[in-house]
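Chains, contacts and geometry: an overview
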Amino acid sequence: MLESMILSRVPTRAEASDVATAIYDGADAVMLSAETAVGVDCVNAVATMRDIANMTENDDSGLYQQLVHSNQSQKDMHGCVERTHTSDAVSVGAVSLGRAISAGALVVCSINGGTALRLARLRPDRPVVVLTNSKRTARMLTLVWGVSVHVYKGEIETWDHMVATTETAVCGSGIVAPGETVVIVAKAPFVPPGGVGKRRGGCNAVFVQRMAGSAAMSTVSSGAVTPSFPPKLGQMQQF
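Here's what I pulled together on the structure shown here. In this text, all values refer to a predicted model and were calculated from it rather than measured experimentally.

Analysis parameters
- Residues numbered from 1 in each chain as written.
- Predicted model: local features only at pLDDT ≥ 70, side-chain atom pairs only at ≥ 80, totals over all residues.
- Heavy atoms only, no water.
- Salt bridge = Lys/Arg side-chain N within 4 Å of Asp/Glu carboxyl O.
- Helix = DSSP H or I, 4+ residues; strand = E, 2+ residues; numbered from the N terminus.
- Buried < 20%, exposed > 50% of the residue type's maximum accessible area, 1.4 Å probe, protein only.
- Pairing = 2+ DSSP bridges.
- Axes fitted to C-alpha atoms, helices over the stretch in contact; angles between N-to-C directions.
- Contact = heavy atoms within 4.5 Å.
- Parallel < 35°, antiparallel > 145°, perpendicular 65-115°, else oblique.
- Left-handed = near helix turned anticlockwise from the far one by under 90°.
- Nonpolar A, V, L, I, M, F, W, Y, C, P; charged D, E, K, R; others polar.
- Core = buried A, V, L, I, M, F, W, Y, C linked by side-chain atoms within 4.5 Å.
- Phe/Tyr/Trp six-rings, centres within 6.5 Å; stacked < 30°, edge-to-face > 60°.
- Expected span 1.5 Å × (residues − 1).

The subject of this paragraph is the pattern of salt bridges. Within this structure, the stated rule accounts for six salt bridges. Of the charged contacts, one joins Asp-88 and Arg-121 as a salt bridge, the two residues approaching to 3.8 Å between their closest N and O atoms. Within this pair, whereas Asp-88 is found in helix α5 (residues 86-100), its partner Arg-121 is found in helix α6 (residues 114-121), the two being separated by 33 residues in sequence. Note that Arg-126 and Asp-125 form a salt bridge whose closest N and O atoms lie 3.0 Å from each other. What makes Asp-125 partly exposed here is its relative accessible area of 48%.

Burial runs high along strand β2 (residues 128-132): five of the five residues are buried. Here β2 shows a buried face lined by Val-128, Val-130 and Thr-132 and a second buried face lined by Val-129 and Leu-131. As paired elements, strand β1 (residues 105-109) and β2 share four bridges and run parallel to each other. If you follow Val-108 over to β2, its bridge partner there is Val-130.

Strands sit in the order β3-β2-β1-β4-β5 across an open sheet of five strands; the sheet is mixed. Single-partner strands in this sheet number two, and they are β3 (147-151) and β5 (205-210). For this sheet the average axis-to-axis angle between neighbouring strands, irrespective of direction, equals 25°. Along the sheet, helix α8 (residues 159-170) contacts β1, β2, β3, β4 (181-186) and β5; its crossing angle with β2, the most-contacted strand, is approximately 125°.

The next thing to look at is the packing of helix α1 (residues 13-24) against helix α3 (residues 42-57). Axis separation between α1 and α3 bottoms out at 9 Å; the angle between their running directions is 50°. It follows that α1 is oblique to α3 by the angle criterion. When you trace α1 past α3, the crossing you get is right-handed. The residues of α3 that touch α1, namely those facing Ala-16, Val-19, Ala-20, Ile-23 and Tyr-24, are Met-49, Ile-52, Ala-53, Thr-56 and Glu-57. The residue makeup of the contact of α1 with α3, split by class, is eight nonpolar, one polar and one charged.

Counting residues in each nonpolar core, the largest one holds 22 residues, and the members touching the most others are Leu-106, Leu-119, Val-128, Val-130, Leu-141, Val-147 and Val-149. Mapped by element, the contributors of at least two residues to this core are α5, β1, α6, β2, α7 (135-141), β3 and β4. Of the residues forming this core, the biggest block, four residues, is contributed by α5. Core analysis: the next-biggest nonpolar cluster, separate from the first, contains 17 residues, Ala-169, Cys-171, Val-176 and Met-211 among them.

Quick look at the packing of aromatic side chains now. Per the stated rule, a full pass over the model turns up one aromatic pair. Ring plane angle 45° and centroid distance 4.9 Å describe the contact between Trp-159 and Phe-207, whose orientation is recorded as tilted. Of the two residues, Trp-159 sits in helix α8 while Phe-207 sits in strand β5, which places them 48 residues apart along the sequence. Exposure remark for Phe-207: the relative accessible area of 25% places this residue in the partly exposed category.

This paragraph deals with the side chain of Thr-48. If you trace the backbone, Thr-48 turns up in helix α3. Setting aside residues no more than four positions away along its own chain, Thr-48 makes contact with Leu-2, Met-5 and Pro-11.

For α3, which comprises 16 residues, the first-to-last C-alpha distance of 23 Å matches the rise-based estimate of 22 Å (1.5 Å per residue) to within 8%. Considered for burial, the residues of α3 that qualify are Ala-45, Ala-47, Thr-48, Met-49, Ile-52, Ala-53 and Thr-56.

What follows is the structure in structure tokens.
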């Protein structure tokens, strides 16, 4: 996206505009290729891309925030109310609730990652931590904006298990300190009728839970979690 920086230490105005436009359009990531492979100053190319992204998201004109808020609207381009998925409404509610109570993180228990994508699209001002037992989903979410992923084993069958898994993910990684509150988005009931099996449909419930940072953290299998928000340049989770 900054092709001129293969030979130059400064991008063209058009290239900088392309990067900013991609971010305004809601891209989760922007990419460099030859600029870092054979460029004259690959470190500067990455830093330039980062600076453009940061300046775009913190635009003084408020354009970026306006576009983010437009994503939260349930109206289409003609002003008509759209038919939305339950997870869309739950995601909007979770973001608003998290902001209202100054939650330390938004935690999503998701098998296929659909609700995590919906939350990330809203560009919340706090970390989104996804709990999943699917490595395929974890890999898919690695490049999604503002998302950290925690992989657990087995099934979450009870509320206590949910809380313990959440504490492992957010307190064990330093994303949330013990005593802070998190908003948990999940599919209820945890165990489908007839026992553990495939759960159909998206997340349909929002919970508020204070993190104790207790010994329960050591009883749940831990996964790789990115401990910063937004993830620092160069960090990559591996699953």
